[in-house]
Structures are given as C-alpha cells and as structure tokens.
Amino acid sequence: MEICKTVCPYDCPDACGLLAYRDKGVVVKVAGNPEHPFTRGMLCPKMAHYERTVYSPRRLLTPLRRTGPKGSGQFEPVSWDEALQDIAERWRYILDAYGGEAILPYSFSGTMGMVQHNAYHGLFYRLGASELERTICSAAKNYGWNCVMGRTLRMRPQEAQHSDFIILWGISMLSTNLHFLKDVREAKKRGAQVWCIDTYATETARRADRLIQTRPGSDGALALGVLHCLRRDGLCDEAFIHAYVQGWTELQKDVLPKYTPAYVQEVTGVPAAVVEELAAAYGRARAPFIRLGTGLSRYTNGAMTVRLIACLPAAVGAWQHTGGGLMMSTSCSTAFDQSVVTKDEWKKPVRRVNMCEIGSALLQTEEPIRSLFVYSSNPACTAPDQNQVIAGLSREDLFTVVHERFMTDTARYADIILPATTSLEHDDLYYSYGSYVVGRGKAVIEPLGQCRSNWRVACDLAKAMGIDDPFFHQSEDDLVEALIDSTSSWPVPVDGEALRRGDPVELGLPKQYKLTFGTPSGKIEIRNGRETPAVPDYFPACEEDGDYYFTNGTDPRVLDSSFNERDELTRSRTMVLFMHPDDAARQGFSDGEKVVAWNTRGEALFTLQITDRTAPGQVVSEGLWWIERCPGDRSVNALTSQRLSDKGRGSTFYNVRVNVRKAEQVVPSLGQHKTADKITSDK
Ligand SMILES: Nc1nc2c(c(=O)[nH]1)N[C@H]1C(S)=C(S)[C@@H](COP(=O)(O)OP(=O)(O)OC[C@H]3O[C@@H](n4cnc5c(=O)[nH]c(N)nc54)[C@H](O)[C@@H]3O)O[C@H]1N2
Ligand SMILES: Nc1nc2c(c(=O)[nH]1)N[C@H]1C(S)=C(S)[C@@H](COP(=O)(O)OP(=O)(O)OC[C@H]3O[C@@H](n4cnc5c(=O)[nH]c(N)nc54)[C@H](O)[C@@H]3O)O[C@H]1N2
Ligand code: SF4
Ligand SMILES: [Mo]
C-alpha cells in the first residue's frame, strides 16, 4: 500500500491535507494528513469517504450525446472524437454566423486547484467568447472589505487561539469551516468567550456561549450600534485611531449619533440591552477577533454591511494585539501568479455576463447566447431563480455542453456531456482561503473510464478548433511547476522544494502584516473618498413581498450541490423547512407535514419542522439538493432572486421573502416553467 499526499479540492476554506491510500492502482481509503498545519489530520464526514465519490456507480465515464428532449436525461454514449467534432462544428458555425460572444463559458467552484479551476480561460479568450463575471460567492463581501482595508493581508486563522473574545459573525462554522473549531476551542481553553451572530440558531450557534439573532440584512446597523456605544463609553482606542485610521471623526459626528441601542433594536430586532452587552464585551476585550462569514453579504446592502463591520476592529485598535482583528478569507491565492494558467494576455474586451443573472441571460432575445459551456459548476441547482435558469437551459436552440463528473441538474439539459476526472485523477496545486497552507496534488490513479481533466479537454478543444499554440502543448504538471515558480512577489520566501515534494506548506507572513495597511492612504479608510457615500452608513436591504424571510443556509452533508451523488449522505432529510411554533400555530401547520414555500419567482416543496431555532417571521432551509433528491420538482433556488448586491455585482441569495401554504392547496401557477419560447430558433 502506498500513501499519496494530496489536498481536498472542494470550495471549502479549509483545503484539508488529504492522504490517499493506493493499492494496486486503486484508492482504497483516504485520511487527513496529520502534518497539515491547519487541518491537522481531520477530514469532514463527506471527505472521510472520498473514495465513494471517486468510484461512485454514478460517475459519468464516457462522452454522451442527447437523444431525447432537453432535460429528459436521455443520452447515448459517443466517442471523444465524435463529441469534440460535434462541438467544434457547432462552434465554428456560431463563430461565423454570430461571432464569439454568442458562446458563454460558465464555471465556478467544482475544484479549487489553480490549474483545473482556470483551465479553460485561455481557450475561451482565444474564441472571443463572452466573459462570465464570477461573482456568485463573495464579491460583495470582498468589495466591502476592500473599501476599508484595501489590499491589506488578511489574518491567519490560528491567531484566534490568542483572542479572549471571538465573534463568529454570519458563519456556520461547523458546516463550512470545521477546522477553525480547533482554534476556537484552544481560545476557549484559555478563557475566551465565543459569541455567534446569525439570523437563526445554527448548529454552530448552539455551541457558542451566546447567540445574537439579527433580522436578515440588518447587521450593518448592529455594527453601528456597537460603535455608538464604544464611543459613548470611551472604549475606543484613540491613540490607534489617531495613528492608523482615516475618517473616524466624520463617522462619529455624522453617522453614529443616530444609532442608539433603542434605534438599533428597531432596525435589527436585537434588544437594546443586548447591543449594550455586545459593545461592552467587544470594547473591554484585550484582543477581540471577528470571524466573518459570507451569508450576511448576500443582500442588496451586503457590501455596505461588511464595510461597517470592518470599522469595528479599527475603533478598538484590535489589529495591534496578537489574536485581535477580523478574519474573512485569507490572501493565500495572491501568492501565485495565476496568469501562467489563465493566459490573460489573450483577453479581449467582450460582452460580460454576470453569473447571478444567468437565468435572464439565457432568455435574452437580443444577441442571444447560442452556446453554453458549463464546467465545474451546476447552475441549474446553484444559481438563483431556478425557473429562469431551467427555462433558459430548455431552449432547443441553445447548444449546451457540460463537462461533469455526475448527471447533475445541469447535465440533464446538455446536448453533449463530457466526463470529468476527480482530483485523484489529475494534477494540481491548491491554495486555501481559510488558512495560508498550500499543497500539491499529483494524480494518484489513472482516470476512470474515458474521463478527462479540464486542462486536457481545453487542449483537445483548442486543437479541434484549429488553435495551435505552444500554450496548449503544456502538461498540467508543467503548469503546476510554473505556478510553484511564480511566488516571487510574496513577501516571505515560499518553500518551493517542499511544495514540489507534495508537503503542505504554510506561507509565511511579514511580522507587522496586520499593521501594514494596503490602502491608497496607508491607513484604515473608514472614510473612502472613492466611494459613495465616502463615510459608510447603514441602509436597509431591499424589501420583498411575503410573510417570511427565507434563509437558505448550509448543510454539512453537501458542499454547494457537490456530494449529492452520495446516497448514504443525501437519501433523506432534504428540503426541510424550519418554522417557528407561533407561525406554525397561526397557519395551522403540524410538524412533518408537506408545505410549499412560494413567491413570485417560483415554489418548492418542503417537509415542515417546527422549531424555535428560527425567529417568528422567518423560515430556514439548509442545503442545496439535486432535484432528484427533492420531494417536488424544484429546490431552494426556485425562490431566490437574480438581483445583484449593492456593490461588487454579487449574489443576494439570502435577500428573499416567501409565503408558505399546505402542500395540497392549489394556487395559480407562479412563474414555474417560465417559457423559453420567446426565443426563436434559427438553426
Ligand atoms: N458543508 C458545507 N460547507 C461549505 C459550503 C456548503 O454548501 N456546505 N459552501 C462552501 C462555500 S462555496 C462557501 S462560500 C462557504 C460559505 O460559508 P459561510 O461563510 O459560513 O456562509 P453561509 O453558509 O452562506 O452563511 C453563513 C451564515 O450566515 C447566516 N446569515 C444569513 N444572513 C445573515 C444576516 O443577515 N446576518 C447574519 N449575522 N447572518 C446571516 C446564515 O444563516 C448562515 O448560518 O462555505 C463553504 N463550505
Ligand atoms: N440558495 C443558495 N444558492 C447558492 C448558495 C447559497 O448559499 N444559497 N451558495 C452559492 C455559492 S457561495 C457558491 S460558491 C455556488 C457554487 O455553485 P457551483 O459552482 O455550482 O458548485 P457545486 O454545486 O459544488 O458544483 C460543482 C460541480 O463541479 C463538478 N466538478 C468537480 N470537479 C470538477 C472538475 O475537475 N472538472 C469539472 N468539469 N467538473 C468538476 C462537480 O461534480 C459539481 O457538480 O453556489 C451558490 N448557490
Ligand atoms: S470539504 Fe472542507 S472540511 Fe471537508 S475535507 Fe474538504 S476541505 Fe476539509
Ligand atoms: Mo461560495
């Protein structure tokens, strides 16, 4: 038995060190790599049996061509040559008749390896295809942070061990950042308090010392309430502010007076006394640490919310203390020059399509998208406004190619499906966005069946399209080597040799990195003259009609829609809707009955769970489920909106309201299967 070192490839901040046990060319089990400085030998339950994903009987093993109507799931196997030829022929026709912008690539987070994640960029730049704005995840959050902190290096998570007051703010850590728990526990052992701020009692919140429950989208006002109290009670660090912060005077003069605890209670639903307690605990802590999640930024005021929260550590000078500060994603990816893979010099100015608006984009009749190439993503499940997305994918005249490992909701609508490798079957280099640990993953086994990696298919398609460039003659391992050689701009030398060997390597950070502010002024920019408004202030998220806020949180059994292939994980307890007992009583619902949540965009069928984990006036469901795992024919994104965030053109998944009715009640069809027949086929 050989033990091969690799990395978990999924879109999870932890990027665990993974050991694959290989026996006669087969991976028989996996385990966590105990030498990994952040994940320290533990895997989450999904990955503890990664071999069940790799060798799943559901793996797609040959290219497939559609034989039935779109979405019917009827396909026949074809050879790679035929599949590539079909695609090239259709694309040549589209390029000639309509130009490259009629083709759109769509991808996101199937794999975080820098080679496979970016593998297709060069090809689509060369084709002059429309460009996808990849903003679905954390664009608003990054925008908000950048307004205040610019390119300041982000915090190292292990520092939290030295904090005496940790706030898990809008993060479902036990699902989405499990390995941070070790640092939190370490801090607790040393006496730290751990509070959680969320809109409902997540599993994470249930284990914190305290949960503060906010009204969805209102956290910016809570941050201002805390700042109001800190200033009033003399708990700010004036010396730090004087040395390192710009715009505090304007904030305290023009904005803070309004945010009295009583006013903040009105806006956020957090009792005034609790706002006071939070401010006192934060202001009196020696080294308060905020771990900021992404959920709270997925609103039409999401970037502003993050901007306001980022003012907190500045006001108390948390940055100057070991263990103090604010952590969101790390800056790890910037250590590498990813243009060695993305080939940015081939980029031309082309039409940009925002991925959160893929539904409307596929239905637009002016200069329609005529071919969609989906890889490493499952938009029919994970993009907002599912009915629009599916209506778009149902267009008979849309030529859709999906490069996938499994028959996902999206793959069902493909004309051609290409079978993809898993991370154990291809080479890559992985960074982490929840720590500073990076690692290499060499292919551990031969590709299953006829599966091919993203890089391989990008090169195959380039050839089929007659693009002959030395760039496409490189192997994926050549690209990994080039990435390892590309770290010269990182401020601390990177141990390339250890990386080459496959060891997990933790990137070093300069000694004073937390006090070296990467903003144009060199200071923390509470006032940022390039923004409107220059001084941040709360504004409410957009209001929708409907009786309930709808929060769609994460489930530890799936990662976005990945792992739905695993029957043992996802066979039961999908599409559960939490509702407060008062609301259930008012509507005459009983626990366990089937209910429909609906709004103007669509509806989805759930099993009701009556629980006081949610607030009155709010319903919650966890997890993104393939439609075949759902009791109805839609999943949660039938309810969410394509509307973009205030800044950063990000998603607003949590900015949703719904009504709820008993399942057997019939209501006139609401947006379900919005038709695509506005688009006329011309081929
Ligand atoms: N098991 C599992 N792990 C995952 C994922 C997964 O789907 N499953 N997804 C991966 C990906 S792609 C990402 S981006 C990360 C995301 O991981 P997180 O940063 O944890 O983000 P979310 O889970 O989207 O949201 C976190 C929390 O924000 C809360 N929230 C929503 N609105 C508000 C609000 O207005 N205020 C406050 N205070 N809280 C709010 C939600 O209730 C939720 O509990 O996780 C990654 N890891
Ligand atoms: N309602 C709601 N919707 C959400 C969210 C939410 O919180 N609420 N979260 C959003 C967020 S944060 C994100 S990041 C997105 C993510 O959404 P997606 O990018 O769609 O992520 P996944 O659902 O994990 O789908 C990834 C697919 O890539 C495939 N894959 C894996 N490795 C490879 C590979 O090497 N090559 C190829 N070709 N395919 C591969 C997998 O089989 C899988 O089907 O979802 C968003 N959707
Ligand atoms: S999904 Fe996340 S927690 Fe699970 S093994 Fe992968 S990186 Fe680790
Ligand atoms: Mo994400």
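Rules and cut-offs
- Residues numbered from 1 in each chain as written.
- Chains lettered and ligands numbered in written order.
- Predicted model: local features only at pLDDT ≥ 70, side-chain atom pairs only at ≥ 80, totals over all residues.
- Heavy atoms only, no water.
- Salt bridge = Lys/Arg side-chain N within 4 Å of Asp/Glu carboxyl O.
- Helix = DSSP H or I, 4+ residues; strand = E, 2+ residues; numbered from the N terminus.
- Buried < 20%, exposed > 50% of the residue type's maximum accessible area, 1.4 Å probe, protein only.
- Pairing = 2+ DSSP bridges.
- Axes fitted to C-alpha atoms, helices over the stretch in contact; angles between N-to-C directions.
- Phe/Tyr/Trp six-rings, centres within 6.5 Å; stacked < 30°, edge-to-face > 60°.
- Near = heavy atom within 4 Å.
- Polar contact = N/O pair within 3.5 Å; in protein donor to acceptor, adjacent residues only side chain to side chain.
- Areas by Shrake-Rupley, 256 points an atom, 1.4 Å probe, with all protein chains shown as cover.
- Nonpolar A, V, L, I, M, F, W, Y, C, P; charged D, E, K, R; others polar.
- Domains from an automatic or database assignment.
- Contact = heavy atoms within 4.5 Å.

Counted by the stated rule, this structure contains 55 salt bridges. Aspartate 503 is paired through a salt bridge with lysine 5; the nearest N and O atoms lie 2.6 Å apart. With aspartate 503 in the loop between α22 (496-501) and β20 (505-506) and lysine 5 in strand β1 (residues 2-7), this residue pair connects regions lying 498 residues apart in the sequence. A residue is classified by how much of its surface remains accessible, and aspartate 503, at 16% relative accessible area, is buried. Salt-bridge contacts for aspartate 23 lead to lysine 24; the nearest nitrogen and oxygen are separated by 4.0 Å. Judged by its relative accessible area of 31%, aspartate 23 is partly exposed. On the basis of relative accessibility, which here comes to 78%, the residue lysine 24 falls in the exposed class.

So, on to the sheet that holds strand β24 (residues 594-599). Within the closed barrel, the 6 strands sit side by side as β22-β26-β23-β25-β24-β27. Their pairing is mixed. Sheet twist, expressed as the average angle between the axes of neighbouring strands with direction ignored, equals 45°. Of the strand pairs in this sheet, strand β23 (residues 576-579) and strand β26 (residues 618-622) are connected by 2 bridges, and their pairing is antiparallel. Each residue of the ladder has a partner; that of phenylalanine 578, found in β26, is valine 620.

Attention now moves to the packing of aromatic side chains. Tallied over the full model, the rule gives 25 aromatic pairs. Geometrically, the ring pair formed by tyrosine 120 and phenylalanine 124 is tilted, given 6.1 Å between the ring centres and 45° between the ring planes. In terms of burial, tyrosine 120 and phenylalanine 124 fall into one category: buried. On the basis of an interplanar angle of 70° and a centroid distance of 5.1 Å, the ring pair of phenylalanine 471 and phenylalanine 472 is categorised as edge-to-face. Using a relative accessible area of 4% as the deciding quantity, one classes phenylalanine 471 as buried. With a relative accessible area of 8%, phenylalanine 472 lands in the buried category. Feature note: the residues Trp91, Tyr120, Phe124, Phe373 and Tyr375 constitute an aromatic cluster, connected by ring pairs.

Before going further, it helps to examine the site of ligand 1. Inspection of the region around ligand 1 gives 33 residues, with Asp198, Asp219, Tyr299, Val558 and Tyr654 positioned closest. A distance of 3.2 Å is found between a nitrogen atom of ligand 1 and a backbone nitrogen or oxygen belonging to isoleucine 197. Tyrosine 654 places a side-chain nitrogen or oxygen 2.6 Å from an oxygen atom of ligand 1. When ligand 1 is considered free in solution it has 900 Å² of accessible area, and contact with the protein chains removes 96% of it. Broken down by secondary-structure element, the contributors of at least two residues to the shell around ligand 1 are α6 (173-176) and β9 (193-198). A per-class count over the shell around ligand 1 returns 13 nonpolar, 13 polar and 7 charged. Looking at which domains feed residues into the shell around ligand 1, each of domain 1 (155-327) and domain 2 (548-668) gives three or more.

In this section: helix α5 (residues 139-149). Across the 11 residues of α5, 8 count as buried, placing the element largely inside the fold. Every buried residue of α5 is listed here: Ala139, Ala140, Lys141, Gly144, Trp145, Cys147, Val148 and Met149. Buried residues along α5 sit against β12 (288-292), α14 (302-309), β13 (325-327) and β21 (524-525). Trailing α5 by a residue or two, glycine 150 shows a phi angle of about 55°, which is positive.

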